[in-house]
Amino acid sequence: MEDPGQIRFENSYAVLPKQFYAKVKPEIMPRVNVIKLNKNLAEELNLNPDWLLKDEGTKFLSGQRIAPGSEPLAQAYAGHQFGTFVPQLGDGRALLLGEITDKKGKKMDFQLKGSGRTPFSRNGDGRATLGPVLREYLISEYMNAINIPTTRSLAAITTGETVIRETQLPGALLVRVASSHVRIGTFQYFYARQMNAEIKILANYIIKRHYPSALSKENPYLDLFRNIVERQADLISDWMSIGFIHGVMNTDNTSLSGETIDYGPCAFMDRFQFDKVYSSIDHTRRYCYQNQPKILLWNLSRLAETMLILIDTNIDSAIKKMEEVLGEFPKLYEGFWVTKMCSRLGLLKKKPSDRSLVENFLKLLHEKNLDFNTSFYFLGDLLVEGQLKKHMNQDHQHMMKTIQSSKWYNTWEKRLTSEEISQKELKKLMRLKNPSAFPRNHLVEKALNSAIYEGDIKPFNDLLGELMNPFMERSLQDPFAHPPKPSEEVTATFCGT
Ligand code: AMP
Ligand code: MG
């Protein structure tokens, strides 16, 4: 009898023309060891977690043995990196092993990150190190827990190799699961080579896989573009509403499925600043918090260029049609954003003045340098109890006084009287939109350092466990309720490549 845990792959990408990828086998690593397995996700994928942890299962999971149906490949793509076009990027250290159908019948990509060199490696070693692998695991799974579309993490695996970066670090693999790994940069790869037939094949692939409803439209490719714009606007408004800074919004890191992808030097904001940057490589603040929607629009404009030939045989009218869709972006984005921000503030009935109420709250947080997510969380307590519970530290006292004594607070309280539910009910609803825990950089860094330098995975597991309950009621003593002390603050995050 076949093992119930056996991975069986399909591979719709491998049947595309050979210009789309390079077929490469994962490298054999000295000693693979699964240090974290996402059992819930394994089950969602119809995989047996116990089998994956056994010797044989681990071999398949880590690409040391190739599962039936798998045709490992490195995907070709290009991309604008910090505004500069690079005609060839591609999977330099990742391999798509194939697709698995999950319990809901959805085809999911199964990808290894850190599996060795490929023809797209350029000067890189094809490796990933433990820190960034655990970081991606933690943050992507948190994003999923708060319902933000994202690639998922199935496993973190150490390879037994030592990888050279600035220092020697443990090598690792991330097993990543995604709706697909096609990026704006994938279109750009073919556009840069004037490969129009391939652009059409790629568009058809994306329609079939992600936007099948476009097929019945008058102009399916225009509808495809409109759908991508809409999903991305929705996604970035999620990031903005929760204080997530991606850090490397290059066009090769913008997924056409609308999932957050490629967690590098990303971060959740502690104290709110409009122009906040954490990434150590973002010297010009191109990808700072408040620029993210603008950058997305810029990225989508790059995508539009690549698709023009599909839109209309008359290039001028193709441009006009795409510009129309792009022109809708600001309103579309604002709509998503205002709705999400209002629900964080308990503003359920839509009122024209709500937008400025949201903006003024952000201005207050910015001017007073207040902690972003806890300010939202404890607004609910202020509303019901008029004050925070005991155990306040100086930070909390300052936050409470600053918010309560502001003009904004009065306006907000008055505005809430037009919601026809009790303040208790309102607080309950706000709690559903305001997580009490998020991956604060200093907590993440500490947990990763224990794993990297002391071989102790427990702090990582503990942190992950907490983050998987993002909406739990938490007290002021909880570590998530405090912004870092100046001595604890992580001011720069690294991509670790
Ligand atoms: P990322 O910063 O992970 O989005 O990667 C940007 C580009 O650099 C992609 O083409 C990656 O495949 C490539 N890359 C990043 N790190 C490595 C590495 N260690 N070896 C080879 N290629 C890499
Ligand atoms: Mg990338």
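Refer to the preceding data block for the structure.
A brief look at the structure comes next. (Residues numbered from 1 in each chain as written. Chains lettered and ligands numbered in written order. Predicted model: local features only at pLDDT ≥ 70, side-chain atom pairs only at ≥ 80, totals over all residues. Heavy atoms only, no water.)

Quick notes on the nonpolar core
Then comes step 1: Counting residues in each nonpolar core, the largest one holds 129 residues, and the members touching the most others are Tyr-13, Leu-379, Ile-403, Trp-408 and Trp-412.
Then comes step 2: The element best represented in this core is helix α7 (residues 220–242), accounting for twelve residues.
Then comes step 3: Excluding its chain neighbours within four sequence positions, the residues that come into contact with Ile-403 are Phe-361, Leu-364, Leu-370, Ser-375, Leu-379, Leu-382, Trp-408 and Tyr-409.
Then comes step 4: Membership of the second largest hydrophobic core comes to 24 residues, among which are Ala-42, Phe-60, Leu-61 and Val-177. (Core = buried A, V, L, I, M, F, W, Y, C linked by side-chain atoms within 4.5 Å. Buried < 20%, exposed > 50% of the residue type's maximum accessible area, 1.4 Å probe, protein only. Helix = DSSP H or I, 4+ residues; strand = E, 2+ residues; numbered from the N terminus. Contact = heavy atoms within 4.5 Å.)

Thoughts on helix α9 (residues 315–344)
Then comes step 1: In a regular helix each residue adds 1.5 Å, so 30 residues correspond to 44 Å; α9 covers 44 Å between its end C-alpha atoms and thus fits that length.
Then comes step 2: Positive phi shows up at Gly-346, right after α9, with a value of about 80 degrees. (Expected span 1.5 Å × (residues − 1).)

Brief notes about helix α11 (residues 372–385)
Then comes step 1: With 14 residues, α11 extends 21 Å between its outermost C-alpha atoms, agreeing within 8% with the 20 Å of an ideal straight helix rising 1.5 Å per residue.
Then comes step 2: Of all the bends in α11, the greatest measures close to 30 degrees and is centred on Phe-378.
Then comes step 3: Most of α11 sits out of view: twelve of its 14 residues are buried.
Then comes step 4: Burial in α11 covers these residues: Phe-372, Asn-373, Thr-374, Ser-375, Phe-376, Tyr-377, Phe-378, Leu-379, Gly-380, Asp-381, Leu-382 and Leu-383.
Then comes step 5: Buried residues along α11 sit against α7, α9, α10 (354–368), α12 (394–404), α13 (407–416) and α14 (423–433). (Bend = angle between axes of the 7 residues up to and from the residue.)

Brief notes about the environment of Asp-234
Then comes step 1: Structurally, the position occupied by Asp-234 is in helix α7.
Then comes step 2: Leaving out residues up to four positions away in the same chain, Asp-234 has contacts with Phe-336 and Lys-340.
Then comes step 3: Side chain to side chain, Asp-234 and Lys-340 meet in a polar contact 2.5 Å long. (Polar contact = N/O pair within 3.5 Å; in protein donor to acceptor, adjacent residues only side chain to side chain.)

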